[in-house]
Amino acid sequence: MPSSTPLSIQQLYEDNRESLQLGWFAGFPGGERLISGDAASAADQVGHLNLIHPGRIQVFGHQETQYYKRLSETSRAYQTSELVAGAPPAFIIAQGLATPPNILDVCDEKNIPLFSTPLPAAQVIDYLRVYLSKKLAQRITMHGVFMDVLGVGVLITGESGLGKSELGLELISRSHGLVADDAVEFARIAPNMIEGRCPSLLQNLLEVRGLGLLDIKTIFGETAVRRKMRLKLIVHLVRRATLEENYERLPLDAHYDDVLGLPVRKVIIPVAAGRNIAVLLEAAVRNTILQLRGIDTLKDFIARQRAVMDSESDLY
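Residues numbered from 1 in each chain as written. Predicted model: local features only at pLDDT ≥ 70, side-chain atom pairs only at ≥ 80, totals over all residues. Heavy atoms only, no water.

- Within an unreviewed UniProt entry, the label attached to the protein reads HPr kinase/phosphorylase, and the organism entered is Glaciimonas immobilis.
- Recorded in UniProt for the protein, the comment headed Subunit (unreviewed entry) runs: "Homohexamer."
- UniProt's Cofactor (unreviewed entry) comment on the protein is quoted here verbatim: "Mg(2+)". (UniProt positions renumbered as here; feature names shortened; annotations may be inferred.)

In structure tokens:
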């Protein structure tokens with residue numbers, strides 16, 4: 001089942017302390033505050049000071065600080081109470097600006113983490129939105145071999161014993177790249193993008209029956225492995241009998257599998273003695289690249305056949 005894990009402010013601080021040069025000045029007990037959501041909502045999780053976005057990490061830049069200074073004491077107190085009522089996970093003072101005294105006091109009082117950074121507010125917001133989109137992404141672990149074939153992320157699936165890992169090994173020997181074997185971690189990092197990675201425990205490893213565990217990076221070199229790839233195609237291996245029973249020989253409509261709510265193109269390849277599955281898979285990838293560019297060979301053939309039939313009917 002897909003899952004997403006809420007992110008604590010403490011983890012956000014530790015992950016970005018060096019890159020954003022963050023200092024933590026108030027609200028230390030608030031490190032347990034959680035940011036929840038998904039990759040699609042990352043843009044709403046952090047932004048410039050804005051009262052109509054409760055639950056957002058509020059960032060103070062030059063304009064926000066100047067606006068805050070222009071307010072009367074009464075208006076400032078009201079704005080601060082409204083900000084706190086929205087339960088912001090944290091405040092960030094950008095560009096090394098001085099923190100408004102009442103903001104500092106309320107952060108200590110309400111245990112709201114207060115960070116400071118010398119970087120511009122817009123840069124901080126852009127950086128954190130990318131970070132949050134990856135951290136809050138929905139995730140799922142799938143069984144198979146995930147490969148980079150001709151620059152396309154291909155997940156090889158199928159029943160046990162059909163030679164998925166052997167196929168992966170042959171593709172590596174043909175200069176393609178391994179991302180993960182056996183267990184692949186997928187995350188929906190954008191509304192139309194799924195990224196696949198290998199669990200750290202299995203990094204660079206491929207299990208082949210009779211040979212055991214192979215360290216692909218050591219055997220074939222660094223160019224034989226990939227850290228991550230975007231999932232574009234699923235190649236499902238089946239026995240010939242299964243293909244004849246359950247699938248059409250020339251399907252008019254492409255097959256798709258749902259992965260984290262997105263349709264992913266799927267190709268069915270029957271496995272039988274004497275068939276070069278690696279060549280077939282490469283051909284499937286090349287054909288998928290053409291289809292993504294709007295070139296569909298089967299539909300072009302049907303149109304050509306219809307034109308021939310129409311021309312022959314005109315003769316009678």
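1. Points about empty space enclosed by the protein
If a probe as big as a water molecule is rolled over the atoms, it shows which places are left empty.
Then, number 1: Overall, the coordinates contain one cavity of 30 Å³ or more when judged by the stated rule.
Then, number 2: Estimates place the volume of the largest cavity at around 40 Å³.
Then, number 3: The residue makeup of the lining of the largest cavity, split by class, is four nonpolar, five polar and one charged. (1 Å grid on protein atoms, 1.4 Å probe; cavity = no way out; pocket = protein on both sides within 12 Å on 5 of 7 lines; lining within 4 Å. Points joined across faces, edges and corners; volume = space filled by probe spheres on them. Nonpolar A, V, L, I, M, F, W, Y, C, P; charged D, E, K, R; others polar.)

2. Things to note about helix α1 (residues 9-16)
Then, number 1: Burial in α1 covers these residues: Ile9, Leu12, Tyr13 and Asn16. Viewed end-on, α1 has its buried residues packed into an arc of 100 degrees, placing them on one side of the element.
Then, number 2: Structurally, α1 contributes buried residues whose contacts are with β1 (7-8), β2 (23-26), β3 (34-35), β5 (57-60), β7 (114-116) and α6 (121-135). (Buried < 20%, exposed > 50% of the residue type's maximum accessible area, 1.4 Å probe, protein only. Helix = DSSP H or I, 4+ residues; strand = E, 2+ residues; numbered from the N terminus. Arc of directions from axis to C-beta. Contact = heavy atoms within 4.5 Å.)

3. Topic: the domain arrangement of the protein
Then, number 1: Structurally, the protein comprises domain 1 (7-136) and domain 2 (139-302).
Then, number 2: Centre-to-centre, using C-alpha coordinates, domain 1 lies 42 Å away from domain 2.
Then, number 3: Contacts between domain 1 and domain 2 engage four residues on the former and five residues on the latter.
Then, number 4: A buried area of about 360 Å², summed over both sides, lies between domain 1 and domain 2, and 47% of it is on carbon and sulfur atoms.
Then, number 5: Linking domain 1 with domain 2 are zero salt bridges, by the criterion used here.
Then, number 6: Along the contact surface separating domain 1 from domain 2 lie one residue pair in polar contact (both at pLDDT 80 or more).
Then, number 7: Across the side of domain 1 that touches domain 2, the residue classes tally to one nonpolar, one polar and two charged. (Domains from an automatic or database assignment. Buried area = accessible area lost by both parts, 1.4 Å probe. Salt bridge = Lys/Arg side-chain N within 4 Å of Asp/Glu carboxyl O. Polar contact = N/O pair within 3.5 Å; in protein donor to acceptor, adjacent residues only side chain to side chain.)

4. Structural notes on the UniProt feature "active site" (unreviewed entry) in the protein
Then, number 1: Mapped onto this numbering, the UniProt entry annotates "active site" (unreviewed entry) at His143, Lys164, Asp182 and Arg249.
Then, number 2: Take His143: it is sitting in strand β8 (residues 138-149).
Then, number 3: Not counting residues within four places of it along the chain, the set of residues in contact with His143 comprises Thr157, Lys164 and Asp182.
Then, number 4: A polar atom in the side chain of His143 sits 2.9 Å from the backbone oxygen of Asp182.

5. Some points on the environment of Arg56
Then, number 1: Mapping Arg56 onto the fold places it in the loop between β4 (46-48) and β5.
Then, number 2: Distance in space between the C-alpha atoms of Arg56 and Trp24 is 18 Å, their sequence separation being 32 residues.
Then, number 3: Sequence-distant contacts of Arg56, that is, excluding residues within four places in its chain, are made with Ala43, Asp44, Gln45, Val46, Gly47, His48, Asn50, Pro88, Pro89, Ala90 and Arg129.
Then, number 4: At a separation of 3.5 Å, a polar atom in the side chain of Arg56 contacts the main-chain carbonyl oxygen of His48.

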